[in-house]
Amino acid sequence: MQRRLRLEWALLWRGTAAPLGLALFLIAGLFALRHGNTVVGRQEAELAGSQGRQATQQSHILAPLPASAIAGDQFYYLEYHTERHPSPWARLVIGQRDVQAFNLKIRLLALQGQLYASDLGHPLLASLGQFDLTFVIVVLAPLLLIALTYNLWSGEAELGTWLLLQAQPVAPWRVLALRAALRTALVWLPIVALLLVAVVVFSLPLDVTWVGIALASAGYLMAWLAAVWLVAAWRRPSDVNMLVLLGVWVFWTALGPALVSVGAAGRFPLPEALELTVLQRQGYHGAWDEPLPVVMQVFYERYPEWRGHEVPTGRYSNAWYYAMQERGDAAAREAAARYRRSLEARDQWVQRVSWLLPPAALQQWLMRQARTDLQAHLAYLDSVAAYHEALKRAAFPMIFDDRPASSVDWSAFPTHRHVD
Amino acid sequence: MTTAPPRALGTWPAIRAMARQELRLAWRSRVIPALGAVMAALCLTAAVVSTARHRADASQRMRYQDVVGQQFASQPDRHPHRVSHYGYLVFRPRAPLGFLDPGIESFTGSSLFLEAHRQNLPTFSSASQGSSTERFGELSVSLVLQFLLPLFVLALAAVSITREREDGTLPLLSTQGASWLVLVWGKLLGQLLIVGVVLLPALVLCAAWLAADSATAWTPDLRQRMAALLATQLGLVVACAAIGVTVSARIATSRQALMAVLSLWFLVWVVLPRALPAAATAAHPTPARASFESDVEARVRELGDSHNPDDPSFRRLREETLARYGVSGVDELPFNYGGLVMKEGEAHTSAAYQQHLSTLVDTYRRQERWVQWAGLISPYLATRPLSMAIAGSDLAHQLEFERQAEAYRYTLIQALNDLHMNEVAAAADRYDGSFNGAPSRQRIDRAFFEDLPEFSYVGPDLRWAMAQQQIGVWCFVWMLVASLGALGITSRRRWQVRS
């Protein structure tokens, strides 16, 4: 066994393909780690300055206030920063983090108008995709595997060594299996090495998730090996094998996922996105033309504890103003819930269909582990909504009682921090 | 030693004969029917799915744009500043040929809220709503023809001459008097014929589908864009076939030639398009949104803070205005001074935003240049930017939409601020209980709002699109010159007599 392994190794390492392919693969992997670190590191740096920017903005608004200023008037301007901190694995799986908001600023105004903006970024670069470790594992590793194994069997036949091999005391399929195992390991070990580099450089935990990612990569390569084996069993010339495997690669990694994404967009068109925007705006602005009791009634349905509190009628009051904001959210709440359900239904559909395509399945699974997928983003939006609610509840006493701004401890307001 | 070929046939007829022979061989090997079926199926699926989605998106956005327009026109009497905050929602129309090449459309927001005091960013990009599978793009005709087809073309062309060499027919050709010139150009033409035949069913089906799709209005500009898109596609195919034939002429065996073009394809179609953006963003970082906005705010404060009563800029405005009208207090002005403050504040916020936006757009351009100049070595990256520009789905078109939306926003808000100045009495600019039992400021007649301008996006034409994409055009030309040039140099070889 050991001798055979040594021979197989010699056979593999003698050519230029294996060392060259492996070297390029490792370079690509290191480049990917560096890129993941750049993207996520920048987001972390931005988040680190978030509280500082919030404090600066607050001081610019609150510092020059005259003694007569009331607290309720300030909430229109005050922006509260929310922070979506990446999971440790985001550097390896950027996923959707580059196109989703991670540092939304919210005001006490209607929430639905404040949730759906993306962050800045060149859309062309985003559309071309991220060169992260996921790309290296999902897209490039199968190529290396194909390059090393496409002539697993056909190569022997073409060299005329197959008959010799059959004459050996070992079963020929054992020889081929050993060869396949060795070559798959040669693709998997660099992945493990890259994952270990990531552990050291990014101080990632060497935990269940790490082991899971390493094992999932192995399973993924096994799926490809199964495809290689099936094609080899078909006993065609090496060139045909290569082209067929290439076809499989194109379909699994590029065409299939592209089909899935148009399928998802076609099945779940999300008209609610535009609808809720229109409804929220109309609900809020329409409230300015509605009688005060109607507006307050909508507010009391959600916040009954304020029902007994007197709201002035003859003059502007912040209680009325924020009740109108609630009126906007109330008008859009049903559409927003439908939008949310459609997003989740679309996501579930994609998850299900992805199991037909190993690359898409692995990609989805990795994004889940790194919490850079849609569900993680929705969890962040939920935390933003909860934070908005907490801010409102903290601010309502000041708003309803028309407290002076100088009497408020502005630093005592809740802060937001969400970790993926 | 070289032999002068007897001129049995003229060069051009010989090239044609060679090409016909190539086509016949391919047909006989069942390559054409198989590939043709695959391409037709893929293109038709892509066309059907994309047009359906394009139409659904377009009609949805048009419907909501109408709703917003009607809501805006049927407002009740309102204070003009209320209308400024009511604002306007605009929906980006889909790119004219977005159903053939969706470009960056999924990665930009689809709706943009225009209001006083601030420039919002477009919201609801499809990408942020999606469950991203892989980012090779959504299935579209351009994905099939620009990503996949070149792979086939390269692979077929790469074995065109090596196969003759391996079959031992190459010496035969030389004895028949075919020169390298005839061989190489004949093979190129043959490959193009094969692609033509392979694509014929796909093109016919797509054309029939588009012709049947009455929702598309074929304006002259759209026709030009369509023609340009086809020309671009043809250029890409020619370049790929020329590269493939050149490789085939210069490499000994089919296996090696195939390996060479496949490696090229992976490098240039798969790896480079991802590696370059990574390098570009590392070299030219995009600011994050929160930092960008806080920079804009800082600039606004420098220009003058309308909420700060001691702000020097607004104090100066007050003094100058009082002096101009020769009055001692703002109450004595012949117009509502509050409206003027709004107007001045809007000018400040808009100027600050424009300054920072132009810096941001500069960063985008620098990043994009990395991808554009890579077109010098990558036919794919020479074609992509051009194709998106022609389809109207590139960043330039998106920015043009945002520019027009911002110009409209500014006009609208300043028109409303004029109404605020001239139609709302300063004394009635405060809230009282005059409307519906709810506090209210003075409302002006809704007829004023009906006279306000409406937003209509004027899509730029093809000439504009090309002017924005000059690097892309040059790289595309270079791609053609370089690939055909390489083939031309190859064609000047002479037969080597081997022992």
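It should be emphasised that the depicted structure is a prediction, and the values quoted were computed from it without experimental measurement.

Participant: In this structure, what is going on with the overall build of chain A? I would like to understand it.
Facilitator: Looking only at helices and strands, one finds 15 helices and four strands in chain A. The C-alpha atoms of chain A give 29 Å as radius of gyration, which overshoots the globular expectation for 420 residues (22 Å, by more than 25%). A burial count over chain A gives 48% of its 420 residues as buried. For chain A, long-range pairs separated by at least 24 residues make up 83% of all intrachain contacts whose partners lie at least 6 apart in sequence.

Participant: Any chance you could explain the overall build of chain B here in plain terms?
Facilitator: The helix and strand tally for chain B stands at 18 helices and five strands. The C-alpha atoms of chain B give a radius of gyration of 31 Å, which is well past the 23 Å a tight globule of 499 residues would have. A principal-axis box enclosing the C-alpha atoms of chain B has dimensions of 105 × 45 × 40 Å. Burial analysis of chain B (499 residues in total) assigns 47% to the buried set. A fraction of 83% describes how many contacts in chain B between residues 6 or more apart in sequence connect residues 24 or more apart.

Participant: Mind showing me how you'd approach the sheet that holds strand 1 (residues 88-91) of chain B here?
Facilitator: Residues and elements named next belong to chain B. Spatially, 1-2-3 is the arrangement adopted by the three strands of the open sheet, whose pairing is antiparallel. At either end of the open sheet lies a strand with only one pairing partner, and these are strand 1 and strand 3 (123-125). Recorded for the sheet is a direction-independent mean angle of 15° between the axes of neighbouring strands. In terms of strand pairing, strand 2 (residues 109-114) meets strand 3 through two bridges, oriented antiparallel. Note on strand 3: the bridge partner recorded for Gly109 is Ser125. The sheet contacts of helix 15 (residues 395-423) involve strand 1 and strand 2, and relative to strand 2 the element is tilted by about 15°.

Participant: Explain unusual backbone geometry to me, please; I cannot follow it from the model alone.
Facilitator: In this structure, Arg371 of chain A is a non-glycine residue whose phi angle is positive, near 55°. With respect to the element layout, Arg371 of chain A can be found in the loop between helix 14 (358-370) and helix 15 (374-400). The residue His117 of chain B is not glycine, and still its phi comes out positive at about 70°. Relative to the helices and strands, His117 of chain B resides in the loop between strand 2 and strand 3. Judged by local crowding, His117 of chain B falls into the partly exposed class, with 15 C-beta atoms found within 10 Å.

Participant: I would appreciate a short explanation of the interface of chain B and chain A in the present structure.
Facilitator: Put simply, an interface is often sized by how much accessible area is lost when its parts join up. Each side of the interface is counted separately: chain B has 80 residues, and chain A has 81 residues. Sort the elements by how many residues they give to the side of chain B that touches chain A and helix 10 (residues 254-283) of chain B lands first, with 14 residues. For the side of chain B that touches chain A, the per-class residue count stands at 42 nonpolar, 26 polar and twelve charged.

Participant: I keep staring at the packing of helix 1 (residues 11-28) of chain B against helix 8 (residues 180-212) of chain B and nothing clicks. Help me out?
Facilitator: Helices that pack against each other are described as a pair by the angle of their axes relative to one another and the distance between those axes. Residues and elements named next belong to chain B. Two numbers describe how helix 1 lies on helix 8: the axes approach to 7 Å, and their chain directions differ by 45°. Our classification of the angle between helix 1 and helix 8 gives oblique. Remark: the crossing between helix 1 and helix 8 carries right-handed chirality. In contact with Thr11, Ala14, Ile15, Met18, Ala19, Glu22, Leu23 and Ala26 of helix 1, helix 8 contributes Leu181, Val182, Leu183, Trp185, Gly186, Lys187, Leu189, Gly190, Leu193, Ile194 and Val197. Looking at side-chain class alone, the contact of helix 1 with helix 8 contains 14 nonpolar, three polar and two charged residues.

Participant: Could you clarify how one ought to interpret helix 6 (residues 160-167) of chain B in this entry?
Facilitator: A turn of α-helix holds 3.6 residues, and therefore any two residues three or four places apart point the same way. All names here are of chain B. Buried within helix 6 we find Ser160, Ile161, Thr162 and Glu164. Packing partners of the buried residues in helix 6 comprise helix 1, helix 5 (141-158), helix 7 (170-175), helix 8, helix 9 (220-250) and helix 10. Downstream of helix 6 by one or two residues, Gly168 has phi in the positive range, about 75°.

Participant: Which parts of the structure should I look at to understand the nonpolar core?
Facilitator: Across soluble globular proteins, nonpolar side chains have a tendency to be buried as a group. Residues Val153 and Ala241 of chain B are the most contacted members of the largest nonpolar core, which totals 240 residues. Membership of the second largest hydrophobic core comes to five residues, among which are Phe314, Leu340, Met342 and Met421 of chain B.

Participant: Looking at this model, I keep getting lost on helix 10 of chain B. Mind explaining?
Facilitator: With 30 residues, helix 10 of chain B extends 40 Å from end C-alpha to end C-alpha; this agrees with the ideal 44 Å at 1.5 Å per step. Along helix 10 of chain B, the sharpest change in direction is near 50° and occurs at Val271 of chain B; proline Pro273 of chain B comes one to four residues later.

Participant: Would you take a moment to explain the pairing of strand 1 of chain B for this structure?
Facilitator: The side chains of a regular strand alternate between the sheet's two faces. Residue and element names in this part refer to chain B. Side chains of strand 1 alternate between two faces, with Tyr88 and Val90 and Leu89 and Phe91 buried alike. Looking at chain direction, strand 1 and strand 2 are connected through four bridges and run antiparallel. Opposite Leu89, over in strand 2, you have Phe113 as the bridge partner.

Participant: Would you explain the environment of Ile70 of chain A in this entry?
Facilitator: All names here are of chain A. Of note, Ile70 is situated in the loop between helix 3 (50-62) and strand 1 (80-81). A tally of 18 C-beta atoms within 10 Å means that Ile70 is categorised as partly exposed. Separated by 263 residues in sequence, Ile70 and Arg333 place their C-alpha atoms 30 Å apart.

Participant: Just to check I follow, could you spell out the environment of Gly304 of chain B for this structure?
Facilitator: All names here are of chain B. As for its placement among the helices and strands, Gly304 is situated in the loop between helix 11 (289-303) and helix 12 (312-325). Since 21 C-beta atoms lie within 10 Å of it, Gly304 is described here as buried. Residues Gly304 and Arg315, spaced eleven residues apart in sequence, show a C-alpha to C-alpha distance of 9.5 Å. For Gly304, the contacting residues outside a window of four places in its chain are Asp311, Ser313, Phe314 and His348.

Participant: Please clarify how the environment of Thr56 of chain A should be interpreted in this entry.
Facilitator: Residue and element names in this part refer to chain A. Among the secondary structure elements, Thr56 is positioned in helix 3. Judged by the 14 C-beta atoms lying within 10 Å of it, Thr56 is partly exposed. As a C-alpha pair, Thr56 and Asn103 span 47 residues in sequence and 16 Å in three-dimensional space.

Scoring rules and cut-offs
Residues numbered from 1 in each chain as written. Chains lettered and ligands numbered in written order. Predicted model: local features only at pLDDT ≥ 70, side-chain atom pairs only at ≥ 80, totals over all residues. Helix = DSSP H or I, 4+ residues; strand = E, 2+ residues; numbered from the N terminus. Rg over C-alpha atoms; globule rule 2.2 N^0.38 Å. Buried ≥ 20, exposed ≤ 12 C-beta atoms within 10 Å, placed from the backbone. Contact = placed C-beta atoms within 7 Å. Pairing = 2+ DSSP bridges. Axes fitted to C-alpha atoms, helices over the stretch in contact; angles between N-to-C directions. Nonpolar A, V, L, I, M, F, W, Y, C, P; charged D, E, K, R; others polar. Parallel < 35°, antiparallel > 145°, perpendicular 65-115°, else oblique. Left-handed = near helix turned anticlockwise from the far one by under 90°. Core = buried A, V, L, I, M, F, W, Y, C linked by C-beta atoms within 7 Å. Expected span 1.5 Å × (residues − 1). Bend = angle between axes of the 7 residues up to and from the residue.

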